[in-house]
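Structural characterization, general
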Amino acid sequence: MNFSSPLSFTVTERFLRYVTIDTQSDPSSSTCPSTEKQKDLGRLLVEELLAIGVSDAHLDEFGYVYGTIPANSANKNIPVICFCSHMDTAPDCSGTGVKPIVHKNYQGVDIILPDDPGQVIKMVEHPDLSNQIGNDVITASGLTLLGADNKAGVAEIMDACYQMINHPEIKHGTIRILFTPDEEIGRGVDKADIKKLGAYAAYTMDGESAGNMENETFSADGAKLIIKGVSSHPGFARGKMESAIKIAGQIVAALPLALAPEGTEGMQGFVHPVAIEGHVETVVIDFIIRDFDDARLTEHADVIRKITEKVLNGFPGSSYELQTRPQYRNMKSVLDQHPQIVEYGMEAMRRAGLDPKLCSIRGGTDGSRLSFMGLPCPNIFAGEHAFHSKHEWVSVQDMQKAVLTILHLCMVWEERD
């Protein structure tokens, strides 16, 4: 479809504005959102949505932003679809004082970040930069992450809303907007109101390379290993002390590289210790366990159990407890029941001038959990790269392609349902 007048993209200006707002989430917090500062962006998004004509836009008490673009099609049977992105940034790297830099007309050189010249985005380490020759690449200044994960997705959805309202020739059904807090700490849809959304399908805008759609994620469990050692005064510890700290060290050291994040790729799962806390008498090790095959999560937990028991053979007075809990599951099992949701996304990318590619995520998204909450939800590219790091980058042109993909996706649903 040709638009009646050229699209005047607003995605770059929005993105540059949003990344300067610190929205880092906090896994140690029990509140929702985990940090009140996430609501700072939420309030701005509501103001902007109201200004462009999304009259029901609002921020709820938990930090979620909702909005609706009413249908403008004569077809009254179009399912309601939702577009979703998360507002928070990862705890892994500072998100305070982000200074975005637009490197215009990128020519394939290494990018030296000016506030810390030791931070260099090297083309050899970021091969996707080879697809950006002549494009405008956005980075941070070297002291913080950029926040493209996932403020690129937020900006893309916001621009798509602006375009739909200003281009009535874009025919669509009812469109719901959802911006979530706390995705980076695994709580992105804890308080999402699925009934309020009332959607048949959703799409998260939270993927990497332009043209990628992800219909498969890891399945995920968390595990907590509690080690009970034997404490004794260190001056009189001979033959008595069994330090839980040293036991924990032996267990972690015995984990096989072939089952570690740094030793796996593709469809391989892993076991990853993410935190250790304790003292001589008691130590707790927190693990994340990931695999595309649900059944293998139990097998991976058994690896932890067997290693622990082997180590404890040398510590007869000590004991352990292993607790596991489900976190999210591979969304493919749900999406396979609704193949048109993915098919329409692939068609929309083709119409946007891209060569679509169906991929798997070595991770999870809000869509993983939304799919099992009754809202099937694949993940579409947002153009973000090197997430959670000072080397994070995104290109203006990829974000514009994501906006076009959203618009074409709305039109595909209008035509075919």
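All of these numbers come straight from a predicted model, not from anything done at the bench. (Residues numbered from 1 in each chain as written. Predicted model: local features only at pLDDT ≥ 70, side-chain atom pairs only at ≥ 80, totals over all residues. Heavy atoms only, no water.)

1. What to know about the overall build of the protein
How we decide: Secondary structure is summarised from DSSP: a helix means a run of H or I of at least four residues, a strand means a run of E of at least two, and numbering begins at the N terminus for each. In this description the radius of gyration comes from C-alpha coordinates, and the expected globular size is given by 2.2 Å times residues to the power 0.38. Residue exposure (1.4 Å probe, protein chains only): buried if accessible area is under 20% of the type maximum, exposed if over 50%, otherwise partly exposed. Throughout, the Shrake-Rupley method with a 1.4 Å probe supplies accessible areas, and for residues the shown protein chains are the sole cover considered. Counting rule for charge: Lys and Arg are taken as positive, Asp and Glu as negative, and neither His nor the chain ends is counted. Throughout, a charge is located at the NZ atom of Lys, the CZ atom of Arg, the CG atom of Asp or the CD atom of Glu.
Check the secondary structure of the protein and you find 10 helices and 17 strands. Its C-alpha radius of gyration of 23 Å places the protein within 12% of the 22 Å reference for a compact globule of 417 residues. With respect to the principal axes defined by its C-alpha atoms, the protein has extents near 85 × 50 × 40 Å. Residues classed as buried in the protein amount to 56% of the 417 residues present. When the accessible surface of the protein is summed, it comes to about 17,300 Å², and 51% of that surface belongs to carbon and sulfur atoms. Side-chain charges in the protein split into 37 positive and 56 negative, and the spacing between the mean points of these groups amounts to 4 Å.

2. Quick word on the environment of Phe62
This is how the line gets drawn: Contact criterion: two residues are considered in contact whenever any of their non-hydrogen atoms come within 4.5 Å of each other.
Its place among the elements puts Phe62 in the loop between strand S1 (58–59) and strand S2 (65–69). A C-alpha to C-alpha distance of 33 Å links Phe62 and Pro168, two positions 106 residues apart in sequence. Here Phe62 is in contact with Cys32, Pro33, Pro181 and Lys191, once residues within four sequence places are set aside.

3. Regarding the packing of helix H1 (residues 11–18) against helix H10 (residues 396–416)
Defined as follows: Only C-alpha atoms enter the line fits that serve as axes; for helices the fit covers just the stretch in contact. Angles between N-to-C directions range over 0 to 180 degrees. Any angle from 65 to 115 degrees is called roughly perpendicular, while one under 35 is roughly parallel, one over 145 is roughly antiparallel, and all others are oblique. Crossings are assigned a handedness: left-handed for a near helix turned anticlockwise from the far helix by less than a right angle, right-handed for a clockwise turn. Amino acids outside the nonpolar list (Ala, Val, Leu, Ile, Met, Phe, Trp, Tyr, Cys, Pro) and the charged list (Asp, Glu, Lys, Arg) are all regarded as polar, and Gly is one of them.
At a minimum axis separation of 9 Å, H1 and H10 run at an interaxial angle of 110°. Relative to H10, H1 is oriented roughly perpendicular. Handedness of the H1/H10 crossing: right-handed. On the side of H1, the interface is formed by Val11, Thr12 and Phe15, while H10 contributes Val396, Met399, Gln400 and Val403. Of the residues assigned to the contact of H1 with H10, the class counts are 5 nonpolar, 2 polar and no charged.

4. Overview of the packing of H1 against helix H3 (residues 148–166)
Contact geometry of H1 with H3 gives a least axis separation of 8 Å together with a crossing angle of 140°. Taken together, H1 and H3 sit at an angle that is classed as oblique. In this structure, H1 crosses over H3, and the sense of that crossing is right-handed. Touching Val11, Arg14, Phe15 and Tyr18 of H1 are Ala148, Lys151, Ala152, Val154, Ala155, Glu156, Met158, Asp159 and Tyr162, all from H3. Grouping the constituent residues of the contact of H1 with H3 by class yields 9 nonpolar, no polar and 4 charged.

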